[in-house]
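Descriptive structure summary
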Amino acid sequence: MIRRALLLLLASLLLCAGAGQAQAAGYRYWSFWERDGEHWVYATQGPSLARPSDGDVQGFRFAVSEDSTDAARPRGKADFATICAQTPAQDGRKRVALVIDFGTPSDAPEGETPPAARTACARVSPDATTAEALASVAKPLRYDTNALLCAISGYPEKGCGDQVSRKQSPEQSKPAAEDKAPSDDGPSLGLVAGIAVVVALGGAAIWQVRRRG
């Protein structure tokens, strides 16, 4: 009887943990990335502050994400030589390769369809920021009052960093290695604590049975 009760308690804890992972709050926004060799790295500055060098590759991805560790990376080819192959170097100017990924239909605001992802080579002044490079090839851009980038090439038409709920299956909640930033896939603290309680209760119950015997 005691064993059955413990198993039921453990099952309840596992179900609660699964429910918490299946529905999580996120934000729909444009994330900003910098290319480091063969990998995307989440930018530590906003595009209006970052000043890329000639030959750099910068990326933008529209998606629903919980935070920077959960953010989806830009997809597609991301090497400077390919993106800027048709844009020759010019004295007094720098070239910045841009990857613009408008995301998937599941991340799109209601009633909107994401455009196809594309790349562009911006040729701008040496001191230009990433925002200025982006504006030269992907207008219109839209910002909010806090200078948060809300839209690239007019997408999305409205909204900016809106909070949304994401309902996922256990398989969907695990990001693909090349599509998501690294994250800790270990058990949650609540689940570990719950299992510890079950173990403790089990030990106490066994001790009581032995004492009565």
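Below is a short write-up of the structure. For clarity, every value in this text was computed on a predicted model and none was experimentally measured. (Residues numbered from 1 in each chain as written. Predicted model: local features only at pLDDT ≥ 70, side-chain atom pairs only at ≥ 80, totals over all residues. Heavy atoms only, no water.)

1. A word on the overall build of the protein chain
When helices and strands are counted, the protein chain shows four helices and eight strands. Contacts in the protein chain between residues at least 24 apart in sequence constitute 67% of all its contacts with a sequence separation of at least 6. In the form shown here, the protein chain has an accessible surface area of approximately 12900 Å², with 54% of it arising from carbon and sulfur atoms. (Helix = DSSP H or I, 4+ residues; strand = E, 2+ residues; numbered from the N terminus. Contact = heavy atoms within 4.5 Å. Areas by Shrake-Rupley, 256 points an atom, 1.4 Å probe, with all protein chains shown as cover.)

2. A word on unusual backbone geometry
A cis amide bond, omega -5°, links K139 with the succeeding residue P140. P156 follows Y155 through a cis peptide bond whose omega is -5°. As for its placement among the helices and strands, P156 is situated in the loop between β7 (149-151) and β8 (162-167). You will see that S153, though not glycine, has its phi angle at about 55°, which is positive. With respect to the helices, strands and loops of the structure, S153 is situated in the loop between β7 and β8.

3. Looking at the side chain of T129
With respect to the element layout, T129 can be found in the loop between β5 (118-124) and α3 (130-137). The residues touching T129, leaving out its near neighbours within four places in the chain, are P47, S48, A50, R51 and P52.

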